[in-house]
Structure formats: C-alpha cells, structure tokens
Amino acid sequence: ALTIRRATDIIASNYLKNKEKIQVLQTEHDAIDYLSRHDLLTELPNRRELDLQIEQQITGKEDVAFMIFDLRNFKTINDTYDHSMGDAALELVA
C-alpha cells in the first residue's frame, strides 16, 4: 500500500527532476535565443537584433548615438585571400 510518506517522497523526487529539466531547457532556450540574434563569428548583434535595439533606443527618453563601420572592398579580401582570411579580418575589426 502506498503510504502518505511514500507518496510525498515520490512527489518531491518528481518535482526535483522536473525542476532540473526546466533549468536545462531554459539554458538551451537562452543559448538559442542568443544565437538567433547574434553573428556566430563576431558575436555582434545581427540585423534583426540591431533593428530591435535601434527601435528601443529611439523610442526611449535618453540621447543615443550609433557608430557604423563600412569595410570597403571587403569582398576583395574574400576573393583574393579566401573566406578564412575574410573571417579573420571581421574578427579583428569586431
């Protein structure tokens, strides 16, 4: 027969297992969310995240400034030295 003590132990055990699973899922969700909003190579915000941040900043009450870099002739680096050198250049600039 199932005693109240045994039932309580089962419930507590299941609660702890579920809590651990939820924590793992939350960590995985946070990682996926970060990756969906950032460039994998440079870890800079991607276009989607940049658009969201700009919208939040311009609708806020504080002054804001933006800095944008244009890597002129970047395609030439990729075409001449290959994409691994282009990746290295991006990492250096980032």
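Residues numbered from 1 in each chain as written. Predicted model: local features only at pLDDT ≥ 70, side-chain atom pairs only at ≥ 80, totals over all residues. Heavy atoms only, no water.

Q: Looking at this structure, how should I read the pattern of salt bridges?
A: Note on pairing: side chains with opposite charge can pair once their charged atoms come close. Inspection of every chain in the model, using the stated rule, returns 6 salt bridges. In this structure, the salt-bridge partner of R5 is D9, at a minimum N-O distance of 4.0 Å. Within this pair, R5 and its partner D9 are both found in helix α1 (residues 4–37), separated by 4 residues, close to a single helical turn. We note a salt bridge from R47 to D51, for which the minimum N-O separation is 3.4 Å. Separated by 4 residues within a single helix, R47 and D51 lie in helix α2 (residues 47–59), roughly one turn from each other. R47 gets classed as exposed once you look at its relative accessible area, which sits at 64%. In this structure, a network of salt bridges that share partners links the residues D33, R37 and E49. (Salt bridge = Lys/Arg side-chain N within 4 Å of Asp/Glu carboxyl O. Helix = DSSP H or I, 4+ residues; strand = E, 2+ residues; numbered from the N terminus. Buried < 20%, exposed > 50% of the residue type's maximum accessible area, 1.4 Å probe, protein only.)

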